[in-house]
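A structural walkthrough
This is what each chain is made of:
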Amino acid sequence: GGPRPLPGQEVSVKVLGALEDGGLVERDPRLIFVPGYGDVVQALELGVPTMQTGEVSFFLAAFPYAYGRPGSREPDVPPEAPLLFEVTLLEVRDGPDPQPLPPAVRLRLGSQRRERGNFHFARGDFAAALRSYRLSLRALDGPATAPPGPEEEEELREQRVKCLNNCAAAELKLGRAEEALAACEAALRISPDNGRALLRRGQVGLASPLTAPLPSARPSSYLLLLSPQLLAEQGRDAEAALVLRRALELDPASKVIHTELSRLAKRQSSPSST
């Protein structure tokens, strides 16, 4: 008897999810999300906006609308498993994004959406992952009801860097090197010595040549922002290696950085590079 959710509104639902054999795999007495933001499985994204407040609905979801072909470890859903959801729409209210929010709420929203992006990324849905990471940044950068304290400001900064690094990884998977590069540089502007951003920066350069002009000024961190590919094109392979070696200093156990350095070394030793 109540209103249906409108685009951008936030909903609270009670959810039970069961396998075909009746095994209960999901139970949430109060799941909160904004339909269309990719925070829940597609069956709920599509189904809940058709409901009215107080209504109880059953959705039988084929696996593409549940946890996909690979299934899930948490909750424990087998590959290609259809699910039956029992959903009760508890409440509909205005979405949180346009509203000034306390720093703690911004951090919670940002973390929730970044984790959802990681869920999509692990399943190979890089476009959905990128959408979730951008929504996370939108929450972290949104208006606040009060200035964050020192610890909250530091956590907001760290979460922004993580999201930007994740955006770069998703953009690389989607074959968009320039967008990945922009995300790396945004992360390095916040944290110039961030090892993951340096690694992504190096990976972008190794993946494709860049045509952007060099900046006229050369700040002290400039070499950290140059891609190995651009330096290599100028015959400056030693400086190209510095970018990844700097990242390795910050994360010496990273197998990925070691791999990228090996790729650069092989290119330097190939006949075409001499």
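Note that the structure is a prediction, hence the values are computed from the model and not measured.

Inspection of the entire model under this criterion finds 10 salt bridges. For the salt bridge of arginine 93 with glutamate 91, the shortest nitrogen-to-oxygen distance reads 2.9 Å. Here arginine 176 makes a salt bridge to glutamate 171, at a shortest N to O gap of 2.7 Å. For arginine 176, a relative accessible area of 32% translates into the label partly exposed. Residue classification places glutamate 171 among the buried positions, given a relative accessible area of 3%. Look at the salt bridges and you will find they share partners, linking Glu10, Arg30, Glu91 and Arg93 into a network.

With that settled, consider the pairing of strand β1 (residues 10–18). In terms of burial, β1 is largely enclosed, as seven of its nine residues are buried. For β1 and strand β2 (residues 24–33), the ladder comprises seven bridges, and the chain directions are antiparallel. If you follow valine 13 over to β2, its bridge partner there is leucine 31. Between β1 and the antiparallel strand that follows it, β2, lie five residues; glycine 22 among them carries a positive phi value of about 90 degrees.

Per-residue pLDDT for the protein averages 79, and the proportion of residues at 70 or more is 76%. Across the protein, strand β3 (residues 56–61) holds the top mean pLDDT of 96, while helix α7 (residues 222–225) sits lowest at 36. Note on residues 205–234: pLDDT under 50 across the span, and 56 contacts to partners over four residues away in sequence or across chains.

What counts and how
Residues numbered from 1 in each chain as written. Predicted model: local features only at pLDDT ≥ 70, side-chain atom pairs only at ≥ 80, totals over all residues. Heavy atoms only, no water. Salt bridge = Lys/Arg side-chain N within 4 Å of Asp/Glu carboxyl O. Buried < 20%, exposed > 50% of the residue type's maximum accessible area, 1.4 Å probe, protein only. Helix = DSSP H or I, 4+ residues; strand = E, 2+ residues; numbered from the N terminus. Pairing = 2+ DSSP bridges. pLDDT = per-residue confidence, 0-100. Contact = heavy atoms within 4.5 Å.

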